[in-house]
Amino acid sequence: ARRIEGGAKGDLSDFNTSATELARETLDRAYEAMSSNAPGRAITLAANALLPLDTGLPEGEVRSRNAEADLIVARALGRLGRSADSANGYLRALSHLIKSPWQPGTPIDWWPASISEEDRSLLFTLLTELANVANRLGYRDIAVAALPEAEEMLTDPQQQITLMLNLASIEMSAGNVDGALGLIARSKTQAVASDAPDIAAMADFYTAIVNARVARNEDQPVDPAPLIKAVEAALTLADENGSIERYFVLYDAVDLLNLTPRQQIALQYGREL
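Caption draft 1: Seen up close, unusual backbone geometry. At Asn37, a residue that is not glycine, the phi angle is positive and equals roughly 60°. The topology assignment puts Asn37 in the loop between helix 2 (19-35) and helix 3 (39-48). The backbone of Asp195 sits at a positive phi, close to 55°, despite the residue not being glycine. Residue placement: Asp195 occurs in the loop between helix 9 (177-193) and helix 10 (197-217). Using a relative accessible area of 65% as the deciding quantity, one classes Asp195 as exposed.

Given below as structure tokens:
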């Protein structure tokens, strides 16, 4: 009788499940696939979680689910080494939550009238990861434009540290070594104070990367020891909780260690890419 009464009101029971809930379950499985280093399976699952609009489902919920699905696809493509496709994936994910196509350098016209706390966190992740990939590909205009938008979505202190590390990466690509190292040092201090070991490890990694690139640019020998130490620490945390993207750590490590006498370790890291 309770089921009949609930069904008459349109409530869900154990015999039917909302499409958005099914999408949520599929996205959770896609995250698990990423944690198991199965990016191909993650792409398939995330694609299956995409929902059509104009079906009577809550539009805001559908758009959020779809943005999250394309975020997973973008990450998985990056892990497969398809950086350009990954960047396009991030832009596609972003498109679910904006009213019109975004032109870097102009404000983003967000779709929701008011952005929920959950969506703010999702958008921060989207924008900072997009900035990271775009900067690596040389699309500095996209990276520079994405980070101020990400700053508007800050919800906790650890995100502020992540934002600083992204800014440091852009400063480095622009040749401002002192500015980059200063931002990295500040992020490390705040990460330690906030008990964020993954961010602290990435600050150490970026410090080693910047110093190695400076040495390379000045035709000086690259010291492999601090670089290897920072890489191993970052990879350990990546394996423990998945909060660090192994692909980008390995990619930068191989690029620089290949110029040192530790080419065997560079080869070892390269085999994991």
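Caption draft 2: Fine view of the nonpolar core. One finds Met202, Phe205, Val231, Val249, Leu257 and Tyr269 to be the most contacted residues of the largest nonpolar core, which totals 40 residues. Counting only elements with at least two residues in this core, the list comes to helix 8 (157-173), helix 9, helix 10, helix 11 (224-241), helix 12 (246-257) and helix 13 (263-272). Considering every element that reaches this core, the biggest residue donor is helix 10, with 12 residues. Not counting residues up to four positions away in its chain, the partners in contact with Val231 are Phe205, Val249, Ala253 and Tyr269.

Caption draft 3: Layout of the packing of helix 3 against helix 4 (residues 59-79). Running from amino to carboxyl end, helix 3 crosses helix 4 at an angle of 160°, the nearest separation of the two axes being 9 Å. Here helix 3 lies roughly antiparallel to helix 4, going by the angle between them. The way helix 3 lies across helix 4 gives a crossing that is left-handed. Only Ala69, Ile72, Val73, Ala76, Leu77 and Arg79 of helix 4 make contact with helix 3, whose side of the interface consists of Pro39, Ala42, Ile43 and Ala46. Taken together, the residues of the contact of helix 3 with helix 4 break down into 9 nonpolar, no polar and 1 charged.

Caption draft 4: Representation of the side chain of Glu68 in the model. Tracing the backbone shows Glu68 in helix 4. Within the structure, the side chain of Glu68 is placed 2.7 Å from the side chain of Tyr31, a separation counted as a polar contact. In contact with Glu68, not counting residues within four places along its chain, are Arg24, Leu27, Tyr31 and Leu122.

Caption draft 5: Fine view of the environment of Arg41. Inspection of the secondary structure puts Arg41 in helix 3. Residues within four places of Arg41 in sequence aside, it is in contact with Arg29 and Ala33.

Caption draft 6: Molecular detail of the environment of Asp223. Within the element layout of this structure, Asp223 appears in the loop between helix 10 and helix 11. Using a relative accessible area of 47% as the deciding quantity, one classes Asp223 as partly exposed. In this structure, the C-alpha to C-alpha distance between Asp223 and Leu257, residues 34 residues apart in sequence, is 8.8 Å.

Caption draft 7: Representation of the packing of aromatic side chains. This structure, assessed with the given rule, holds 3 aromatic pairs. Among the aromatic residues, those joined into a ring-pair cluster are Tyr247, Phe248 and Tyr251.

Calculation criteria
- The residue numbering used here restarts from 1 in each chain and proceeds along that chain's sequence as written.
- Under the rules for a predicted model, residues below a pLDDT of 70 receive no local features and side-chain atom pairs below 80 are neither given nor counted, while totals for whole chains, interfaces and linings still include all residues.
- Computation of side-chain values covers all heavy atoms of the structure but excludes hydrogens and water.
- Numbering goes from the N terminus for both helices and strands, where a helix is a DSSP run of H or I of at least four residues and a strand is a run of E of at least two.
- In this scheme, a residue with accessible area under 20% of its type's maximum is buried, one over 50% is exposed, and one in between is partly exposed, where area comes from a 1.4 Å probe on protein chains only.
- Grouping buried Ala, Val, Leu, Ile, Met, Phe, Trp, Tyr and Cys residues that are joined through side-chain atoms within 4.5 Å yields what is termed a nonpolar core.
- In this description, contact between two residues means that some pair of their heavy atoms is separated by no more than 4.5 Å.
- Orientation is described by axes fitted as lines to C-alpha atoms, over the contacting stretch for helices, and by angles from 0 to 180 degrees between their N-to-C directions.
- Here the word oblique covers every angle except those under 35 degrees (roughly parallel), over 145 (roughly antiparallel) and from 65 to 115 (roughly perpendicular).
- In this scheme, a crossing is called left-handed if the near helix is turned counterclockwise away from the far one by less than a right angle; it is called right-handed if the turn is clockwise.
- When residues are grouped by polarity, Ala, Val, Leu, Ile, Met, Phe, Trp, Tyr, Cys and Pro land in nonpolar, Asp, Glu, Lys and Arg in charged, and all others, Gly among them, in polar.
- Identification of polar contacts relies on pairs of N or O atoms within 3.5 Å, with a donor-acceptor requirement for protein atoms, meaning one able to donate a hydrogen and the other able to accept it, and with residues adjacent in sequence counted only if both atoms are side-chain atoms.
- A pair of Phe, Tyr and Trp rings is counted when the ring centres sit within 6.5 Å of each other, with Trp represented by its six-membered ring. The angle between the planes then sorts it: under 30 degrees is stacked, over 60 is edge-to-face, the rest tilted.

That is the geometry; function is a separate question.
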